Amino acid sequence: MQFQFSALAFVALFLFPLGHCATRSFSSYNPDPTDVAKNAATANTTQLTWNVRGRAIDRFVVIWLENTDYNKAAGHPDMKWLAKRGITLDNYWALTHPSQPNYVASVGGDYFALDHDEYVTVPKNVSTIADLLDSKGISWGEYLEDMPYSGYQGFEYLNQKTQANDYVRKHNPLISYESVFLNETRLSLIKNFSQFERDLKDHKLPQYFHITPNMTNDGHDSSIKTAAHWARSWLTPLLKNKHFMKNTLVLLTFDENEIYSTQNQVFTILLGGAVPDHLKGTKDHTFYDHYSLLSSVEANWDLDNLGRNDVNANVFSTIANKTNITNRFVNTTYMVNNHTYNGYFLNSSISLPAPNITAINRNGKPVLQKIKDTWKDVYSSQLSHSYFTPTTTTVSARLTNLATVSASVSS
Ligand SMILES: *[C@@H]1O[C@H](CO)[C@@H](O)[C@H](O)[C@H]1NC(C)=O
Ligand SMILES: *[C@@H]1O[C@H](CO)[C@@H](O)[C@H](O)[C@H]1NC(C)=O
Ligand SMILES: *[C@@H]1O[C@H](CO)[C@@H](O)[C@H](O)[C@H]1NC(C)=O
Ligand SMILES: *[C@@H]1O[C@H](CO)[C@@H](O)[C@H](O)[C@H]1NC(C)=O
Ligand SMILES: *[C@@H]1O[C@H](CO)[C@@H](O)[C@H](O)[C@H]1NC(C)=O
Ligand SMILES: *[C@@H]1O[C@H](CO)[C@@H](O)[C@H](O)[C@H]1NC(C)=O
Ligand SMILES: *[C@@H]1O[C@H](CO)[C@@H](O)[C@H](O)[C@H]1NC(C)=O
Ligand SMILES: *[C@@H]1O[C@H](CO)[C@@H](O)[C@H](O)[C@H]1NC(C)=O
Ligand SMILES: *[C@@H]1O[C@H](CO)[C@@H](O)[C@H](O)[C@H]1NC(C)=O
Ligand SMILES: *[C@@H]1O[C@H](CO)[C@@H](O)[C@H](O)[C@H]1NC(C)=O
Ligand SMILES: *[C@@H]1O[C@H](CO)[C@@H](O)[C@H](O)[C@H]1NC(C)=O
């Protein structure tokens, strides 16, 4: 009797972790083709390029593919071909499931307890990497394949001939932040792939940019075969392009793994002119995760921080070695990163987590003044998912969860 009760309770907890009705929701926006054409006619596109020297690199290019388990990606011939030309990060982790929270977290330092791919918006008092880069005039942008016009805010955009998925908002890291989409200049920096070709040709690529291929090319609606082939084909000419390669670091990664019950580690390669020849084809076993994108950018340009999970994240060795940052060991034995926490998006009775406004990042810099000014009166509650200075509750919550799960499986 007791077993039956707990088994049922477990199933209920598993399916409806924290009660559905309390989840925050937002209205969606999905314009029809006529409106898309109308908006496209007035949309602005900006080419913004500056040359702010970094301490290790001058350009950072981030490419995200989709939903593939580590070994599946590592075993594909096209990925092996790329790995020979770079450093494989064999201890790089996604943060949670599904896609959207990973993308959101990679530019804002938290996923705010998001656990779905629906249309969401992050309030305007939350800052992102855009604010950090702007503080020193470092140019940035995003290129999203098949986005119908710069700054498009629709939920998706289908292939107009076949109706297949092409562009999806959930794979666009910055567009969900009000601090980004309420700013017309910022929208004009979020562009389609055709603009990448143009910016490359004009030598007007920004210094930091994110690349999202369409839903076929990124592997989401296809397979590792398609994604790896796309990555190799797309990168091959770029790896030979002197302008593109100069002091450039390219990070090729996956948003998350595929099998939710296994450790959420993703195959990741560092490429580009910043990778020294003697390290090509080698592996780096340092622990990294999607927050390392933020900490590495901060360390490279000696930027202030967001007061969130960017603060303590390990920095890619290419940059860490040149900025005298010693990365920390993280014990991943019990790490799965396959669920969210009780917070803002999951539970409408919980407010946004405040950043830690006294935090100092790995390069010794404080929280951006604008963020301090906005949040100074609010108690710095917690840094969710901090692996380095975990509060006892975070750790025990994680361990309890695992214990519960394995107990229920073995009984
Ligand atoms: C929301 O969070 C509060 C505070 O942690 C908790 O008491 C409540 O049970 C949560 N609600 C749901 C539906 O999980
Ligand atoms: C594009 O730029 C023009 C001129 O600055 C401005 O008037 C217009 O509002 C902008 N369009 C959008 C959609 O932001
Ligand atoms: C994705 O991009 C490729 C070109 O890179 C294009 O051929 C294809 O039509 C696009 N969309 C779909 C749904 O395949
Ligand atoms: C709007 O975006 C631009 C480019 O990122 C930035 O320089 C500017 O400060 C932003 N404006 C506001 C009010 O945040
Ligand atoms: C977006 O870029 C693709 C190339 O990736 C191109 O085929 C398409 O025409 C572009 N769309 C627009 C609206 O510029
Ligand atoms: C997370 O991983 C654990 C351990 O493998 C597994 O038992 C559990 O079902 C997974 N949780 C989700 C939400 O997938
Ligand atoms: C960083 O330094 C470590 C220790 O000296 C070395 O093993 C590693 O190859 C270096 N990595 C890079 C990218 O320079
Ligand atoms: C790192 O340490 C070396 C040796 O002490 C020093 O020359 C260099 O200036 C330091 N670099 C930075 C970015 O602090
Ligand atoms: C990691 O944690 C596990 C479980 O607590 C422990 O058995 C193992 O020794 C730890 N590994 C290291 C290298 O500290
Ligand atoms: C906030 O940052 C300060 C300075 O690094 C640190 O001492 C403190 O523990 C952090 N607070 C939290 C809640 O993590
Ligand atoms: C941040 O914005 C949210 C949503 O508008 C609001 O509830 C919260 O009070 C704001 N917090 C601060 C410190 O501005």
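Everything numeric in this text was worked out from a predicted model, so none of it was measured.

## Considerations on the site of ligand 3
Okay, step 1: Taken together, the neighbourhood of ligand 3 is formed by Glu145, Asp146, Asn159, Ala164, Asn165, Asp166, Asn214, Thr216 and Asn217.
Okay, step 2: With respect to ligand 3, the side chain of aspartate 166 contributes an N or O atom lying 2.5 Å from a nitrogen atom.
Okay, step 3: Take asparagine 214: an N or O atom from its side chain is 2.3 Å from an oxygen atom of ligand 3.
Okay, step 4: Protein contacts shield 58% of the accessible area of ligand 3, which totals 350 Å² for the unbound molecule.
Okay, step 5: Classifying every residue of the shell around ligand 3 by side-chain character gives 1 nonpolar, 5 polar and 3 charged.

## A short note on the side chain of lysine 191
Okay, step 1: Relative to the helices and strands, lysine 191 resides in strand β7 (residues 190-192).
Okay, step 2: On the basis of relative accessibility, which here comes to 2%, the residue lysine 191 falls in the buried class.
Okay, step 3: Of the polar contacts made by the side chain of lysine 191, one reaches the backbone oxygen of threonine 46; its length is 2.7 Å.

## Here's the deal with the sheet that holds β7
Okay, step 1: Reading across the sheet, the 8 strands line up as β7-β4-β8-β1-β9-β10-β2-β11 and stay open at both edges, with mixed pairing between neighbours. Strand pairing shows two members of the sheet lacking a second neighbour, β7 and β11 (283-284), which therefore form its edges.
Okay, step 2: With 5 bridges joining them, strand β4 (residues 140-144) and strand β8 (residues 208-212) adopt parallel strand pairing. Bridging across to β8, glutamate 142 finds its partner in histidine 210.
Okay, step 3: Along the sheet, helix α10 (residues 224-238) makes contact with β1 (59-65), β8, β9 (248-254) and β10 (268-271), crossing β1 at roughly 155 degrees.

## Things to note about the pattern of salt bridges
Okay, step 1: In this structure the tally under the stated criterion is 13 salt bridges.
Okay, step 2: Measuring nitrogen to oxygen at the nearest pair gives 2.5 Å for the salt bridge that ties aspartate 131 to lysine 370. One end of the pair, aspartate 131, is in helix α6 (residues 129-134); the other, lysine 370, is in helix α14 (residues 369-375), and 239 residues separate them in sequence.
Okay, step 3: Relative accessible area serves as the criterion here: at 4%, aspartate 131 is assigned to the buried category.

## Here's the deal with the packing of aromatic side chains
Okay, step 1: For the structure shown, the criterion picks out 21 aromatic pairs.
Okay, step 2: On the numbers, 6.5 Å between centres and 35 degrees between planes, the contact of tyrosine 119 with phenylalanine 155 is tilted. Linking tyrosine 119 in the loop between α5 (99-108) and α6 with phenylalanine 155 in the loop between β4 and β5 (156-158), this pair joins segments that are 36 residues apart in sequence.
Okay, step 3: A relative accessible area of 24% places phenylalanine 155 in the partly exposed class.
Okay, step 4: Consider the rings of tryptophan 230 and tryptophan 234, whose centres lie 5.3 Å apart with planes at 20 degrees: the pair is stacked. Of the two residues, tryptophan 230 and tryptophan 234 are both situated in helix α10; the distance of 4 residues between them amounts to about one turn of the helix.
Okay, step 5: Among the aromatic residues, those joined into a ring-pair cluster are Tyr143, Phe193, Phe196, Phe209, Trp230 and Trp234.
Okay, step 6: Positioned above the aromatic ring of tryptophan 81 is the side chain of arginine 85, whose terminal nitrogen or guanidinium carbon lies 3.6 Å from the ring centre.
Okay, step 7: Above the ring of tyrosine 119, the side-chain terminus of arginine 169 is found at 3.5 Å from the ring centroid.

## Things to note about the packing of α5 against helix α12 (residues 291-300)
Okay, step 1: Their axes nearest at 7 Å, the elements α5 and α12 cross at an angle of 20 degrees. Considering their axes alone, α5 and α12 lie roughly parallel with respect to each other. Judged by the twist between their axes, the crossing of α5 over α12 is right-handed. For the pair formed by α5 and α12, the contact residues are Ala105, Ser106, Val107 and Gly108 on the first element and Tyr291, Leu293 and Leu294 on the second.
Okay, step 2: Here the contact of α5 with α12 is built from residues that sort into 5 nonpolar, 2 polar and no charged.

Cut-offs and rules
Residues numbered from 1 in each chain as written. Chains lettered and ligands numbered in written order. Predicted model: local features only at pLDDT ≥ 70, side-chain atom pairs only at ≥ 80, totals over all residues. Heavy atoms only, no water. Near = heavy atom within 4 Å. Polar contact = N/O pair within 3.5 Å; in protein donor to acceptor, adjacent residues only side chain to side chain. Areas by Shrake-Rupley, 256 points an atom, 1.4 Å probe, with all protein chains shown as cover. Nonpolar A, V, L, I, M, F, W, Y, C, P; charged D, E, K, R; others polar. Helix = DSSP H or I, 4+ residues; strand = E, 2+ residues; numbered from the N terminus. Buried < 20%, exposed > 50% of the residue type's maximum accessible area, 1.4 Å probe, protein only. Pairing = 2+ DSSP bridges. Contact = heavy atoms within 4.5 Å. Axes fitted to C-alpha atoms, helices over the stretch in contact; angles between N-to-C directions. Salt bridge = Lys/Arg side-chain N within 4 Å of Asp/Glu carboxyl O. Phe/Tyr/Trp six-rings, centres within 6.5 Å; stacked < 30°, edge-to-face > 60°. Lys NZ or Arg CZ within 6 Å of the ring centre and 35° of its normal. Parallel < 35°, antiparallel > 145°, perpendicular 65-115°, else oblique. Left-handed = near helix turned anticlockwise from the far one by under 90°.

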